[in-house]
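Given next are the chains, with one letter for each unit.
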Amino acid sequence: MRSHFPRAGVRETATAVKTGFTSCASIVSECLESITRGEDDIHAFNMVLDNQARQRALEIDELISKGIDPGPLAGVPIAIKDNICIRSVPTTCSSKILERWVPPYDATVIGKLIDSGAVIVGKTNLDEFAMGSSTENSAYGPTRNPCNLEFVPGGSSGGSAASVSGGFVSAALGSDTGGSIRQPASLCGVVGVKPTYGRVSRYGLVAFASSLDQIGPLCSNVGDAALMCEVIGGHDPRDSTSIVSEFGGLVEACEIGIEGVRIGIVKDLLDVSSEDVKKAFNDCIENLSAKGAKVDEISMPELSYALAAYYIIAPAEASSNLARYDGVRYGLRVGGDDVQSMMKATRSTGFGPEVKRRIMLGTYALSSGYYDAYYGQAQRVRSLVSRAFNRAYESFDVLISPTSPTVAFKLGSKMDPLEMYNSDICTIPSNLAGHPAMSVPYGYGELGLPVGVQVMAPALGEEVMFQVAAAIERLAK
Ligand code: GLN
C-alpha cells in the first residue's frame, strides 16, 4: 500500500510560502512532477494546467517578495473537480456531450480560491455528470484508488479524492449531491466535507440535482478542511439558494475537545455496514466515550426510505437540468436531417449509459400519470427524513455513522446499478435534509483499506461537526 499524503497540507504549505521557507515555484514544480510520476497509474486528472500553474506560482512569489500577503492559501496547489467552471479552461463533467465546451466565467468558489492565494493545478475526473459512486462512469476512463490500484476510489469525486490521497495536491474541491465528496474521501482515506446546503455558492457548478448539490473540500486533515470551508463559503447573490451566513471559527473549533458533547450513533446506518467497517467504527466509539463524550445509540427507521426517495428526486431534477444539452448550446453536435434528428443523434452519442438511465428514470417519475405516486411520494419522504433529523438533534449535538457501508471495492465488481446505488446509503440522508456532514478516516478494514467515520450535524452546525471530527482524527493517530 502507498503511504498517504506525502505532500504537505494546506496550512503547512501556506506557512512555508509566506515565511519564505520555500518558493511557490518550487512547490508547484514538485507537485507537477509528482503528477507526472503517478498519473499513469491513478488517472486522477482530466486535465493538468501545467503552464497556468507555473505562471501563477511566479505571481505568488512576486507578491511575497514585495511583502504582500497572498492570502490564507498562499501557494497551495489545489485540484478542481471537472464539473466546476474555470474561465477559459474546458469543463467536461467527464462527458462526451461537453466536448470542447469552454466556460466564459469562473465559478464563485474559483474566484475565492484565487483571491486567497491558491494555485489551481488541474481538473479532476468524475463519474459522468457526477452520477455514480466509483468514478467508473467517466467517459475518459476510471480513476484508481491510490491505496490499492485494483480498487475504485469511490465517486463521483473520485479524481479529487485520489489527487489528495495520492499526494498530488494539498487539497481538492468536489461536489456532493448524495455523498460524492464523503464516500470517495472515505474510500481513499482522506477528509471530505459537505457543508450545509446554501452555505457554499453553486454558481459555476454544473447542475445535477439543484436542490441537493453542494461544493466542498477534500483534504489530508480536518483543520485544513475547516480552513478551506471558511475560504469558499459565504453568501453569493449569483446563487439564488445561497444563504446569508459566513463560516467562522471552524479552525478554532478543531481544538476545543469533546468533553460533554452528545454524540448519537445512528444504529440503522451501522446495521447495514460490513463487519470490518463496524469493527473500526466501534473502536472509534469506545475511544470517543473514553474522551468524555456522551455517546448513545439512536434508531431512525425513517432513514431506510432515504435511498429510494433520493433515486427519484435526483434523477427527476437531472432530467430537467440535462435538457439543455441539445446539440445547439453546448459542446458536442452530431449532424442530422432536421433539428429533431440532430438532437437525438447528439444526445444518443454524447451521454453514457448511466446518464441515460437517470434521464429516463427522472422523466418517468415526473410524467403526468405517475408524478404523485413517485415524485410527490419521494418529496413526502424527504420531509419525513428532515423531521427525523430534527427530532434526533433535540437529544444530540451530532450524529455519527460509517460514511460508506464497505471499504473500497474492486474495479468492475459492481455491474448492477442498484448495487452501486447502495454505496450511498449512509450519506444520502444529510443531502435530503440539507444538513452538513463530513467523513474522517478512522482505521482500516479488509486488505488494509481505509474506513471513514461520518459526522453529521444540524443545519449551520459546522462548528460542532468540526469539533467532533478533529477529536476523531486525534484518536485515529
Ligand atoms: N452516487 C450518487 C449518485 O450517483 C451521488 C452522486 C453525487 O453525490 N454527485 O447519484
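Bear in mind that the values here come from a model prediction, so they are computed numbers and not experimental data.

Novice: Before we move on, can you summarise the site of the ligand with the specific residues and values?
Specialist: Around the ligand, the structure places 15 residues, and the nearest of them are Thr177, Gly178, Ser180, Tyr310 and Arg358. One nitrogen or oxygen atom from the side chain of serine 133 is found 2.9 Å from a nitrogen atom belonging to the ligand. Contact distances for the ligand include 2.6 Å between an oxygen atom and a backbone N or O atom of glycine 178. Here the ligand has 290 Å² of accessible area as a free molecule, and 100% of this is covered by the chains. When the residues that make up the shell around the ligand are grouped by side-chain class, the tally is five nonpolar, seven polar and three charged.

Novice: Can you lay out the nonpolar core for me, pointing to particular residues and giving the numbers?
Specialist: Nonpolar side chains in soluble globular proteins tend to be buried together. In terms of nonpolar packing, the biggest core is built from 62 residues, with Leu73, Leu113, Val455 and Phe466 touching the most fellow members. Among the elements that make up this core, the one with the highest residue count is helix α17 (residues 462-476) (nine residues). Residues contacting phenylalanine 466, with those up to four places away along its chain left out, are Val193, Val222, Ala225, Ala226, Cys229, Leu250, Cys254 and Met438. The next biggest cluster of nonpolar side chains, apart from the first, holds 52 residues, and it includes Met131, Val206, Ala209 and Leu303.

Novice: Mind laying out the side chain of serine 116, listing which residues take part and the relevant values?
Specialist: For serine 116, the location among the structural elements is in the loop between α4 (108-115) and β3 (119-124). A polar contact of 2.8 Å, which involves the side chain of serine 116, links it to the backbone oxygen of lysine 112. Not counting residues up to four positions away in its chain, the partners in contact with serine 116 are Pro70, Gly71, Pro72, Leu73, Ala74 and Val231.

Novice: Any details on the packing of aromatic side chains? Residues and values, ideally.
Specialist: Tallied over the entire structure, the rule returns 14 aromatic pairs. Plain terms: the ring middles of phenylalanine 45 and phenylalanine 168 are 6.2 Å apart, the flat faces sit at 35 degrees to each other, and that makes the pair tilted. Taken together, the residues span a long stretch of sequence, with phenylalanine 45 in strand β1 (residues 45-48) and phenylalanine 168 in the loop between α5 (158-165) and β4 (171-176) at a distance of 123 residues. In this structure phenylalanine 45 comes out as buried when scored by relative accessible area, which is 3%. Considering the side-chain rings of tyrosine 364 and tyrosine 370, the 4.6 Å spacing of their centres and the 25 degrees angle between planes classify their relative orientation as stacked. By relative accessible area, which is 38% here, tyrosine 370 ends up partly exposed.

Novice: With reference to specific residues and values, describe the packing of helix α7 (residues 222-232) against α17.
Specialist: Axis separation between α7 and α17 bottoms out at 9 Å; the angle between their running directions is 155 degrees. By the angle class used here, α7 and α17 are roughly antiparallel. Contacts from Val222, Ala225, Ala226 and Cys229 in α7 reach Phe466, Ala469, Ala470 and Glu473 in α17. Residue composition of the contact of α7 with α17, grouped by class: seven nonpolar, no polar and one charged.

Novice: Requested: an account of unusual backbone geometry, with residues and values cited.
Specialist: The phi torsion of most residues other than glycine is negative, and most of the peptide bonds are trans. Here the residue pair glycine 155 and serine 156 is connected by a cis peptide bond, since its omega of 10 degrees sits within 30 degrees of zero. With respect to the helices, strands and loops of the structure, serine 156 is situated in the loop between β3 and α5. Phi is positive for phenylalanine 129, close to 55 degrees, though the residue is something other than glycine. One can find phenylalanine 129 in the loop between β3 and α5. With a phi angle near 60 degrees, leucine 447 is a residue other than glycine that sits in the positive phi range. Secondary-structure assignment places leucine 447 in the loop between β10 (437-444) and β11 (450-456). Of the residues examined, leucine 447 reaches a relative accessible area of 65% and is grouped as exposed.

Calculation notes
Residues numbered from 1 in each chain as written. Predicted model: local features only at pLDDT ≥ 70, side-chain atom pairs only at ≥ 80, totals over all residues. Heavy atoms only, no water. Near = heavy atom within 4 Å. Polar contact = N/O pair within 3.5 Å; in protein donor to acceptor, adjacent residues only side chain to side chain. Areas by Shrake-Rupley, 256 points an atom, 1.4 Å probe, with all protein chains shown as cover. Nonpolar A, V, L, I, M, F, W, Y, C, P; charged D, E, K, R; others polar. Core = buried A, V, L, I, M, F, W, Y, C linked by side-chain atoms within 4.5 Å. Buried < 20%, exposed > 50% of the residue type's maximum accessible area, 1.4 Å probe, protein only. Helix = DSSP H or I, 4+ residues; strand = E, 2+ residues; numbered from the N terminus. Contact = heavy atoms within 4.5 Å. Phe/Tyr/Trp six-rings, centres within 6.5 Å; stacked < 30°, edge-to-face > 60°. Axes fitted to C-alpha atoms, helices over the stretch in contact; angles between N-to-C directions. Parallel < 35°, antiparallel > 145°, perpendicular 65-115°, else oblique.

Keep in mind these numbers describe shape, not what the thing actually does.
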